[in-house]
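Structural overview for review
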Amino acid sequence: MRRKLVVANRKMHGTIPVNQAFLEGLLAGTRDYCNADYAVCFPHPYLYQAQSILTGTPVAWGGQNMSRHDEGPYTGSVSPGMLVEFGCEYVIIGHSERRTRGHDSDNSVGERFQVATMAGLKPIFCMGETLEEYEQGLTDLVTIRQLNAVIQQVGIKNLAKGVLAYEPVWAIGTGKAASPEHAQAILHFLRGYLMLKDQQVGENIRILYGGSMKADNAAQLMSMPDIDGGLVGSASLVTEEFVAICRAASSIRI
Ligand code: PEP
């Protein structure tokens, strides 16, 4: 049985007072909605604040990226150990906003998946096709290429230490979410591919959908049998909107 998971990707947004109001609202708004898991991925400077407010609560937190190195002359980078020290459970790996700006290749995403799990973090591994690839019917090919790069690096069993997120690039921040049927079809295909490699891993791994998930489409998307929750960008910037998505996840019968 896979519990739903809703993750806020706050990207490069927030201030100390804004984060505090958001987290207080999230804790209050989800108090009676315990049938799903929730996490918030913050910009690195706010991880201490997340740790201070969320320790001992059911809401987890994480980083939005990390280096594959433990330490060294990597100006501006953050190591897996640093994320662990600030209590992170999750780290986003391979987000399209980093892939498209040339920071992340398929292989470097695989390497960082490996390093994250070795440090005890759960990587939220993002994959998805661009609009051009979508229009050319390449969705399956692109997502399998991205997935295989990680499997080759870590092995199928270790993939289960993370969470997958299918995020079509054309849906991210555009307000145009994939239809529940499209998202379900891709996630079903990806799960089937994993089940062929390892039945248990395929059945148990959580696969999220991300891309313009909002309060008004979340329940429909997450009701799909292979969609185990959401990675939420823009809608996580409005507390009530994000709380509504969390409540929708908790209210779905699984
Ligand atoms: C994201 O960036 O991971 C994301 C899903 O963004 P949005 O919800 O704004 O599409």
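A brief look at the structure comes next. (Residues numbered from 1 in each chain as written. Predicted model: local features only at pLDDT ≥ 70, side-chain atom pairs only at ≥ 80, totals over all residues. Heavy atoms only, no water.)

1. Some words on the overall build of the protein
Assigned secondary structure in the protein consists of 12 helices and eight strands. The C-alpha atoms of the protein give a radius of gyration of 17 Å, which matches the 18 Å a tight globule of 254 residues would have. Each principal axis of the C-alpha distribution contributes one length, and for the protein these read about 45 × 45 × 35 Å. Expressed as a percentage of its 254 residues, the buried residues of the protein come to 54%. Put simply, of all contacts in the protein between residues at least 6 apart along the chain, 72% involve residues at least 24 apart. As presented, the protein carries roughly 11,500 Å² of accessible surface, and 52% of it is formed by carbon and sulfur atoms. (Helix = DSSP H or I, 4+ residues; strand = E, 2+ residues; numbered from the N terminus. Rg over C-alpha atoms; globule rule 2.2 N^0.38 Å. Buried < 20%, exposed > 50% of the residue type's maximum accessible area, 1.4 Å probe, protein only. Contact = heavy atoms within 4.5 Å. Areas by Shrake-Rupley, 256 points an atom, 1.4 Å probe, with all protein chains shown as cover.)

2. A look at the sheet that holds strand β4 (residues 90–93)
Spatial ordering of the closed barrel is given by β1-β2-β3-β4-β5-β6-β7-β8, a layout of eight strands whose pairing is parallel. Strand-to-strand twist in this sheet, taken as the mean axis angle between neighbours without regard to direction, amounts to 25°. Bridging between strand β1 (residues 4–9) and strand β2 (residues 36–41) involves six bridges; their strand directions are parallel. Its bridge partner being in β2, Ala8 is matched across the sheet by Val40. Against the sheet, helix α12 (residues 239–251) touches β1, β2 and β8 (229–232), its axis set at about 165° to β1. (Pairing = 2+ DSSP bridges. Axes fitted to C-alpha atoms, helices over the stretch in contact; angles between N-to-C directions.)

3. A closer look at the side chain of Lys11
Within the element layout of this structure, Lys11 appears in the loop between β1 and α1 (16–30). Separated by 2.7 Å, the side chains of Lys11 and Glu97 make a polar contact. Lys11 has contacts with Pro43, Gln64, His95, Glu97, Ile172 and Gly233, leaving out every residue within four places of it along the chain. (Polar contact = N/O pair within 3.5 Å; in protein donor to acceptor, adjacent residues only side chain to side chain.)

4. Digging into the site of the ligand
Lining the immediate environment of the ligand, one finds 14 residues, of which Lys11, His95, Gly173, Ser212 and Ser234 sit closest. Separating an oxygen atom of the ligand from a side-chain N or O atom of Glu167 is a distance of 2.8 Å. At 2.7 Å from an oxygen atom of the ligand is found a main-chain nitrogen or oxygen belonging to Gly173. About the coverage of the ligand: the protein hides 100% of its 290 Å² of free accessible area. Among the residues forming the shell around the ligand, the class breakdown is four nonpolar, eight polar and two charged. (Near = heavy atom within 4 Å. Nonpolar A, V, L, I, M, F, W, Y, C, P; charged D, E, K, R; others polar.)

Purely geometric numbers; function is a separate question.
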